[in-house]
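What follows is the residue order along each chain.
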Amino acid sequence: MSDGLDPEIAALLAQSAESAPADGDTVLDFESPSDNPISFSSGSGSAKSIHEVDLSRKEFAPIEKFTSDTPSEVFNDTKYYKTALTGENQSAQRVHQILSKYLTCQDPKDRAVYRQQIVTSYWELLRGMVGKMGFLETPMPKKMLVRFGVLLPSLFKQETKDFFSKIYFENRENEPIMYVDEWFKEIASGRMNNSATDEKKQVKTANMTADQAASAEQSRLMQLQAKNSGKLQSTENVLGIKENERRMLEEELQRSVEDLCQHNSVLGLENHTAGYTEQQRRMLPQITDILHRLSKNDKELSKVLEEYKEAKATYDNVQDKINAGGGASVATNDTEAVKLEFETVRQMAKMTVGRRGNQFPLFTREFYHCTERGTGTRENVIDVLRWIESLDPGVFHRIHKNIPNRIVPYVLLVPTYGDRGFCWEPFDRYNRVTSRGRIVVPMYPKDLRIAVLTAVADLRWQVAKEKASYYWMEEGLTGQYYQHFDQMKLKGDVKEFFIEDYILWMTKESTGVQRLDKDVRGIFWRNMPFPKELKEELRKRSLVYDELCKKDANREMSDGY
């Protein structure tokens, strides 16, 4: 950077030159942060936790305000840099020294070396910081470092600093979209399980201490609880649907019977009433049909009710055992979950960037080139997700017992200069019915809409693949797409081809611009249909879409035959 050495770093360098030994291993004696560190709430005003899947919600609420009218003063804090690094021992010292050299270095080769060293030293610094975030009150500069990668506010441009100061800190929408510091806090508290990994360290039972054995048993019980909660929630949802269906049928029956029991007097024979009218006679078979449907509904409702009672009893039994073992206290006091999640999040951050991307972990105007609406803040990402769902209404639906459940995944916003989001897991391995999947989105991409689309497309593919299981190359969305991929003799990763086609489907085909292969368009039209209103609009623009609409009508007419 051409602006020279930052004044805060220059002052700290002067301190370190006077006090630090030559070996450079002694930790700088940073000044203590303010006695009243700035903090923010986690936005717990809403009735439901972000971890509870509300199956009654059908879409994201519109974002009314993207930024606050009252900017925070955290980035104007003169002690921001010191507070962010205070209490982090050797890792903070190393980041401080390398960053100082990086900002003052003029030789491009040396600068490249220091830049790479910052990557390693920053993640070591973060490793120690996140382990404490769920257990201690954390000063705001430390949270902003983890959340946005902002270590030195002077690396902002003024207009960018003003924008970041207006970003809402709390989760006002109460959606499962989280920044990195919030993610670690939820993991540390036990409210959220660790992200899935291929390998998990196993502790031999014989070598376990009493506390480790208790923690392992609590983990096992919580896994059972997660597995059963999906069945409980799904069964309760089906039960509600059946009860609502019964209520509507009974109301229809009541109206029909009331109409059937209305009889007109016979002219001249006022003591007698006429027989059924023609309309009332037509109601008799209709009433019989309603009674048959009520009988069928009663059988289904009784079966679901028994399933719900069984699932509820199991849930309560496991919950009693968890409470008897101390509830979530064992997990809350154990930092192992956070340490394990840290390695996963680090891998996630690398994946958003890619092997050849910019791995620099700190926020700097040198690499940040996003607009305000193109920055991956919580509100901006929700707005993009809302747009995606408006074009692909079934994108977050998971079918269970022929009933679509809308389940929004957890979204982790990582402060990287990556361009592609991705799906880490389509759902929890212990609860495939109602658990949230996990997708990752970079906060500083070239195009935020594309970054979110790649993550959602990946989620689409993985959910469909898991649903088809061993037959994913033959059945469903993945099977149809794979067969097209194979017929065209394409080379490479079939999922990557799908993601690129999904982006074209959402950005081009939804506007009537034809960019997809005819077969792919047909596959997407059947498996990921646009809303009916959009279909009607598209058929007016091109015969291609009109033909697809006609095929839809033919399928509806032949359905059941």
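Fair warning: this is a prediction, and the values are worked out from it, not measured in the lab.

A. Seen up close, the packing of aromatic side chains. Summed over all chains, the structure comprises 36 aromatic pairs. One Lys or Arg, Arg111, reaches over the ring of Tyr102 and ends 4.2 Å from the middle of that ring. Across from the ring centre of Tyr410, 5.7 Å away, lies the NZ or CZ of Arg436, which sits over that ring.

B. Up close: the packing of helix 14 (residues 476–487) against helix 16 (residues 518–527). Put simply, helix 14 and helix 16 touch, their axes get as near as 10 Å, and they point 175 degrees apart. Compared by their axis directions, helix 14 and helix 16 come out roughly antiparallel. Contacts between helix 14 and helix 16 involve Gly476, Leu477, Gln480, Tyr481 and His484 from the former and Asp519, Val520, Ile523, Phe524, Arg526 and Asn527 from the latter. Residues belonging to the contact of helix 14 with helix 16 are distributed by class as follows: 5 nonpolar, 4 polar and 2 charged.

C. Structural detail: the environment of Arg398. Looking at where Arg398 falls in the secondary structure, it is placed in strand 4 (residues 397–400). Through-space distance from the C-alpha of Arg398 to that of Thr434 is 8.1 Å; in sequence the pair is 36 residues apart. A polar side-chain atom of Arg398 sits 2.7 Å from the main-chain carbonyl oxygen of Ser435.

D. The side chain of His96, seen in detail. Residue position: His96 is located in helix 3 (residues 89–104). At 2.9 Å, the side chain of His96 forms a polar contact with the side chain of Tyr81.

E. The arrangement of the sheet that holds strand 6 (residues 410–414) in detail. Strand order in the open sheet formed by 4 strands is 1-6-8-7, with mixed pairing between adjacent strands. Each edge of the sheet is formed by a strand with only one pairing partner; in this case those strands are strand 1 (177–179) and strand 7 (422–425). Direction aside, neighbouring strands of the sheet carry axes that sit 30 degrees apart on average. Relative to strand 6, strand 1 runs parallel, the two sharing 3 bridges. Paired with Met178 across the two strands is Leu412, which belongs to strand 6. The strands touched by helix 12 (residues 378–391) within the sheet are strand 1, strand 6 and strand 8 (438–442), with strand 1 carrying the most contacts at an inclination of about 150 degrees.

F. Up close: the environment of Trp123. Along the chain, Trp123 turns up in helix 4 (residues 108–133). When the C-alpha positions of Trp123 and Phe342 are compared, they lie 9.3 Å apart, and in sequence the two are 219 residues distant. Beyond its immediate chain neighbours, meaning those up to four positions away, Trp123 contacts Phe342, Arg346, Ala349 and Pro361.

G. Layout of helix 7 (residues 180–189). Of all 10 residues in helix 7, 9 are buried; the element is thus mostly enclosed. Among the residues of helix 7, those classed as buried are Val180, Asp181, Glu182, Trp183, Phe184, Glu186, Ile187, Ala188 and Ser189. Positive backbone phi, at 85 degrees, marks Gly190, one or two positions downstream of helix 7.

About the thresholds
Per chain, residue numbering runs from 1 following the sequence as it is written. Predicted model: local features are reported for residues with pLDDT of at least 70 only, side-chain atom pairs are reported and counted for 80 or more only, and whole-chain, interface and lining totals are derived from all residues. Hydrogens and waters are ignored; side-chain quantities use all the structure's heavy atoms. The criterion for an aromatic pair is that two Phe, Tyr or Trp rings (for Trp, the six-membered ring) have centres within 6.5 Å, with stacked assigned to planes under 30 degrees apart, edge-to-face to planes over 60 apart and tilted to the rest. A ring is scored as having a charge over it whenever the NZ atom of a lysine or the CZ atom of an arginine sits within 6 Å of its centre and within 35 degrees of its normal. Here an axis means a line fitted to C-alpha atoms, over the contact stretch when the element is a helix, while the angle between two N-to-C directions is reported on a 0 to 180 degree scale. A helix here means a DSSP run of H or I that spans at least four residues, while a strand means a run of E at least two residues long, and both kinds are numbered starting from the N terminus. Our angle categories are set so that under 35 degrees counts as roughly parallel, over 145 as roughly antiparallel, 65 to 115 as roughly perpendicular, and the remainder as oblique. Residues count as neighbours in contact if any of their non-hydrogen atoms are within 4.5 Å of one another. Amino acid classes used here: Ala, Val, Leu, Ile, Met, Phe, Trp, Tyr, Cys and Pro are nonpolar; Asp, Glu, Lys and Arg are charged; the rest, including Gly, are polar. Any pair of nitrogen or oxygen atoms within 3.5 Å is treated as a polar contact; in protein, a donor-acceptor pairing is required on top of that, and neighbouring residues in sequence qualify only through side-chain atoms on both sides. Two strands form a pair only when DSSP identifies at least two bridges running between them. Each residue's exposure class comes from its accessible area (1.4 Å probe, protein chains only) as a fraction of the maximum for that residue type: buried when under 20%, exposed when over 50%, partly exposed otherwise.

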